[in-house]
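# Descriptive analysis of the structure
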Amino acid sequence: MTTTIYHNPKCGTSRNTLALIRNTGEEPVVIEYLQHPPSREKLSELINGMNLTPRELLRKKETLYEELQLDDSKWSDDELIDFMISHPILINRPIVVTPAGARLCRPSELVLDILSAPQRGEFIKEDGEKVIDQDGRRV
């Protein structure tokens, strides 16, 4: 099984996560989920694999979240999944799946816990934060 990232190239956290995966020498399967949203079955599988509730996976900073009043407890888990399927921008990202499990990688360095290969060298996030030193060790 290879590593898969549900990625939004416009998101800095997603770009940093993808770069950390590539810093191991692995080229993951990249799914730009806004163009290729997961099926209902796949999204449910991801949510269960991350041990999250659908509400925990919602992207609360999205304007649509407020417009649809998704903070209201009246919405069931199934209804929240329906919203994410209809509006993939509501799915928080990035989601990474490896043989070690699935994880919502916010912050991006959470991906390090599920990667099997070590980091190959220094990694500095886009904002200048050093995450991996020159010897490939977590800072």
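Refer to the structure presented above.
Worth saying up front: this structure is predicted, and the values here are computed from it rather than measured.

Further remarks concern the nonpolar core. Leu57, Leu70, Met84, Leu90 and Ile95 are the most contacted members of the largest nonpolar core, which totals 22 residues. Considering every element that reaches this core, the biggest residue donor is helix α5 (residues 77-86), with four residues. Not counting residues up to four positions away in its chain, the partners in contact with leucine 57 are Leu43, Ile47, Met50, Leu52, Met84, Leu90, Ile91, Asn92, Ile95 and Leu104.

Bringing the pairing of strand β4 (residues 101-104) into the picture now. Here β4 shows a buried face lined by Ala102 and Leu104 and an unburied face lined by Gly101 and Arg103. Of the strand pairs in this sheet, strand β3 (residues 95-98) and β4 are connected by four bridges, and their pairing is antiparallel. Paired with valine 97 across the bridge in β4 is alanine 102. Hairpin connection of β3 to β4: two residues between the antiparallel strands.

Taken as a whole, this structure holds twelve salt bridges when the rule is applied. For the salt bridge of aspartate 133 with arginine 137, the shortest nitrogen-to-oxygen distance reads 3.4 Å. Here arginine 137 ties to aspartate 135 by a salt bridge, and the two come within 3.0 Å at their closest N and O atoms. A single salt-bridge network, built from bridges that share partners, covers Arg103, Asp113 and Arg138.

Below, the discussion takes up α5. By the burial criterion, the buried members of α5 are Leu80, Ile81, Phe83 and Met84. Around the axis of α5, the buried residues are gathered within 155° of arc, so they sit on the same side. Looking at the packing, one finds that the buried side of α5 touches α2 (40-49) and α3 (54-57).

Conventions adopted
- Residues numbered from 1 in each chain as written.
- Predicted model: local features only at pLDDT ≥ 70, side-chain atom pairs only at ≥ 80, totals over all residues.
- Heavy atoms only, no water.
- Core = buried A, V, L, I, M, F, W, Y, C linked by side-chain atoms within 4.5 Å.
- Buried < 20%, exposed > 50% of the residue type's maximum accessible area, 1.4 Å probe, protein only.
- Helix = DSSP H or I, 4+ residues; strand = E, 2+ residues; numbered from the N terminus.
- Contact = heavy atoms within 4.5 Å.
- Pairing = 2+ DSSP bridges.
- Salt bridge = Lys/Arg side-chain N within 4 Å of Asp/Glu carboxyl O.
- Arc of directions from axis to C-beta.

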